[in-house]
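Working through the structure, step by step
In case you want the letters, here they are:
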Amino acid sequence: MPVTHPVAGRRRRPPLPDLVVPVAGTLLVLAGAAGLVPALAAAALAVAAGCTLACVRLAWLAGAPPARAEPDRLLPVESAPAVQPRATPPPTRGGGSRRTDRWTRQGVLFRQCAAILDAAVLAAGLTVAVLPLTDPPHRTPVALVGLAVTAPLYAVALLRLPGRLRRTAAERLRRAVDVLGLGLGLVFAVWMLLPPGPVPAVAIASVAGASGVAVLLVTARADRCRRPGVARCSAGAAASLAGLTLLVVLLAHGAPDRAALAVVPPLLAGVLLTADGARRAATGGPSRPDGIPAVWPWLTAPAGIAALAAGHRLWTAREIAVPAIALGLAVIPPMVLREVLAVVDQRRRADRLARESRLRTADDRPGAADPVDDRPDTSNPLVGWPDTPDPLVGWLGASDPLVGPPGTADPLAGLADRNDLVRGLARREGGALLVVDLVGAADGAAVDRSVLVEVARRLRAGCGPGDLVARLADAEFAVLTDVGPVVAYALGSRLLAGLTEPGAGGVPRIRVSVGLAETTGGDPEDVLRQADLARRRAVQLGRDRVEWYDAYLEEQLVRRLDLERELPGALARGELDLVYQPVVALIDRQPVGTEALLRWRSPALGTVLPDELLPVATDLDLLGEVGRWVLDRACRQLADWSGGGRKLWMAVNVTPRELAAPDFVARAAAALAAYDVPPERLVVEVAEPAVGAELSTVVARLAGLRSLGVRTALDDFRAEHASLAQLRRLPIDLLKVGPHLVGPAADGRLPLIEVVAALGDRLGLEVVVEGLESDAQVAGARRAGCRYGQGFAVARPATAERVEAWFEELGPAHR
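Presented here is a report on the structure given in the accompanying data block. (Residues numbered from 1 in each chain as written. Predicted model: local features only at pLDDT ≥ 70, side-chain atom pairs only at ≥ 80, totals over all residues. Heavy atoms only, no water.)

**Observations regarding the pattern of salt bridges**
Here the idea is simple: oppositely charged side chains can pair when their charged atoms come close. Applying the stated rule across the entire model yields 31 salt bridges. With a shortest N-O distance of 2.3 Å, Arg423 and Asp420 are connected by a salt bridge. One end of the pair, Arg423, and the other, Asp420, are both in helix H13 (residues 418-427), three residues apart, so they sit about a helical turn from each other. Relative accessible area serves as the criterion here: at 45%, Arg423 is assigned to the partly exposed category. Between Arg565 and Asp562 there is a salt bridge whose closest N-O contact spans 2.9 Å. With a gap of three residues between them, Arg565 and Asp562 both fall in helix H17 (residues 551-566), about one helical turn apart. What makes Asp562 buried here is its relative accessible area of 10%. If you follow the salt bridges from partner to partner, you end up with Asp437, Glu476, Asp532, Arg535, Arg536 and Arg543 in one network. (Salt bridge = Lys/Arg side-chain N within 4 Å of Asp/Glu carboxyl O. Helix = DSSP H or I, 4+ residues; strand = E, 2+ residues; numbered from the N terminus. Buried < 20%, exposed > 50% of the residue type's maximum accessible area, 1.4 Å probe, protein only.)

**Points about H17**
Think of an α-helix as turning once every 3.6 residues; residues three or four places apart then point the same way. For H17, spanning 16 residues, the distance from its first C-alpha to its last is 23 Å, which sits close to the expected 22 Å at 1.5 Å a residue. Of the positions making up H17, those classed as buried are Ala551, Leu553, Glu554, Leu557, Val558, Arg559, Arg560, Asp562, Leu563 and Glu566. (Expected span 1.5 Å × (residues − 1).)

**Some remarks on a nonpolar patch on the surface**
Together, Ile325, Leu329, Ile332, Val336, Leu337, Val340 and Val344 line one region of the surface with nonpolar side chains, adding up to about 570 Å² of accessible area. When residues of the nonpolar patch are traced back to their parent elements, those giving at least two are helix H10 (322-329) and helix H11 (332-359). With five residues, H11 is the single largest residue contributor to the nonpolar patch. (Patch = residues over 30% accessible without salt bridge, like charges linked within 9 Å, V, L, I, M, F, W, Y side chains within 5 Å. Areas by Shrake-Rupley, 256 points an atom, 1.4 Å probe, with all protein chains shown as cover.)

**With respect to the packing of aromatic side chains**
Each aromatic ring pair is summarised here by two numbers: the centre-to-centre distance and the angle between the ring planes. Following the criterion strictly, the structure yields five aromatic pairs and no others. An angle of 80° between the planes, with centres 5.3 Å apart, marks the rings of Trp649 and Tyr788 as edge-to-face. Residue Trp649 is found in strand E9 (residues 649-654), and its partner Tyr788 is found in strand E14 (residues 788-789); the two are separated by 139 residues along the sequence. Chaining the aromatic ring pairs together yields one cluster made of Tyr580, Trp641, Trp806 and Phe807. (Phe/Tyr/Trp six-rings, centres within 6.5 Å; stacked < 30°, edge-to-face > 60°.)

**Examining a negative patch on the surface**
On the surface, Asp640, Glu801, Glu804 and Glu808 cluster together to form a negatively charged patch. It is helix H26 (residues 800-810) that contributes the most residues to the negative patch, three residues altogether. Looking at where Asp640 falls in the secondary structure, it is placed in helix H19 (residues 623-642). Looking at Asp640, the relative accessible area reads 51%, which means it is exposed. (Lys, Arg positive; Asp, Glu negative; His and termini not counted. Charge placed at Lys NZ, Arg CZ, Asp CG, Glu CD.)

**Section: the environment of Met650**
Considering the arrangement of structural elements, one finds Met650 in strand E9. A sequence separation of 11 residues divides Met650 from Ala639, and the C-alpha atoms of the two residues are 9.9 Å apart. Discounting residues that sit within four places of it in the chain, Met650 has contacts with Tyr580, Thr594, Ala596, Ala634, Gln637, Leu638, Trp641, Arg681, Leu682 and Val683. (Contact = heavy atoms within 4.5 Å.)

**A few points about unusual backbone geometry**
Backbone geometry at Arg543 places phi at a positive 65°, although glycine is not the residue there. Mapped onto the fold, Arg543 is located in the loop between helix H16 (524-540) and strand E5 (545-548). Notably, Asp716 is not glycine yet its phi reads approximately 55°, a positive angle. Among the structural elements, Asp716 can be located in strand E11 (residues 711-717).

So, in structure tokens, the structure goes:
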């Protein structure tokens, strides 16, 4: 079965630029401090390097299309006309064209924000980069303009990023107090660090800079769990603005050029954090519930900053001016107010714990609860779910099976239905919706009614009295709660833990998928659709998990739904295609074989690569049909090329699931006979990471293929201990390895490729190095003794006609 072989999938971790840029920046700073390089030039080069890397990554995010492009060009041959995608109708479930337009707008909005962040990073980098080219009297205005341009760009981008939460009045008050305290502490610190004497008017920009940094730091900490990518962007913006503010102050006071080196660390870290945060936000970086946030940073940070700055001023100047003392004292009221808010939060939490303790000695019947509302105060981030036994487990006991006590009423009849849930969503301005889906753990079968009864009872026991529990379908429930999204995530995790407790007495265990969406007062159907999309994502990722809805998740799931809708019938419509990547002899670059790679040319979705196509084909039970077509088409193409006198092999990728089919060997023999292809010209590849779970079956099928004369190959060989151990068991002829083995080993020993090549010689295997991107990698593979290579450095994948034209350019066949 063809799989994709893009080199991008085998990037080094961490990527080389992420190592080179900080190291180069450090060396430049040291060289500037030692006088080996002009200080301003060193600072400009260091910052320019980081900004260039960040700008490239942000520009890629800003211009990335919704669908993947395909690197199919091979040699300087005129490109084939691109397939024009047609308009794709939106999914009908839970919405219409208006909601689909909103999904598209969210993606467009993120790309716009990435473009604005790119402009902010570019402005920050240019501010420092032009300083060596600017006359000394003009440097301060240049830095001030750079700060004035960069700060609004950062502000606009961060305010427009999707996913912002609605804050309650109490949350807004706490955040305002935090910003005020930290901002005053930073402004006081900047004042204390200025040299004694009159303060230049332009240095007042430091006040605005310090205030902006305070806002961004508080925002970054508040978003660090719910939106980690946005939090990194905010932290990067804070570091960048801090560096530019420091630059303005230094230039305004006529500091020596070497002092400018101090702005390199915050600026370099800031732009790289910005790019990394945008990438995480774009890829749906994992979020997590943060529980009860610590208060001490906001109580101690302003005081610590002010104390350190005052100590520095007393040490250097021996005095502090009266206005500065007044500013330092202004830090105290926000700290006192924050302490009062923290005490109130703790008292509320203690009262709630006491109420819940009384409730646990109440009647165990579902719905029998104290009229006092025992739900957490979601306006208060200090108040979370108590560290007490899980109500889902405590009500029945941790080992109780999913069977209700006899003689009780059926709780399913008393649950709300979908209409009740929609009305409840329409009445609420905040909170969260959890959609809970159940299947049998053994085979995904339907869940027995007795189990559903107990699930309903446990859901009621685990929710607050003001929460609404509804049944949407036979084994699908919903919980509508007033708590905020982070606490709702914790509630979903508790429900998941309680519902997946193993049963006893023959009761089957169930598997649970929970989707969570925020209720923001919008269209109830939108909220339902979002929670259901998050539930679908939990199912795709293996169930027994809680998934949180976000815009990127929706794009992924809508894309998946489009693939599932379009793939059936794609083969009959003639939309599947093969491209071929040549394999060459490294000694003379002459082709010895090709690898067939699958492409789906969908008029609706564009070109779809195997890493998207194959999982969908597997889930739709179309993998065998697609695999038979690939094998037949590859053998037919091989027969066409063999008629020209060129003795090439054709490699076809298959999955262990395909190999497990009882008739796979017979189908391969039939395809070879149909096109009169010698068996030794066909190579069947299976990826090494997928072999482990099906090792015995893979060994049997590969042995059957070799008995026909077909050659076999192990793809993606990792050269690890387990890989080496099973290598002797596999009946293979070729060993395919990636370019990461070509470079020198981390401990300075010989490259791993030399070890693999020697092992291949001992076992009688030919080694093919794939993914070669540079002439240096080609040379390294050849020095190690590898005979064959494959990759963009030697030939790119292309259609059969382009490969044929390339063969003609090489002249008569030699093999």
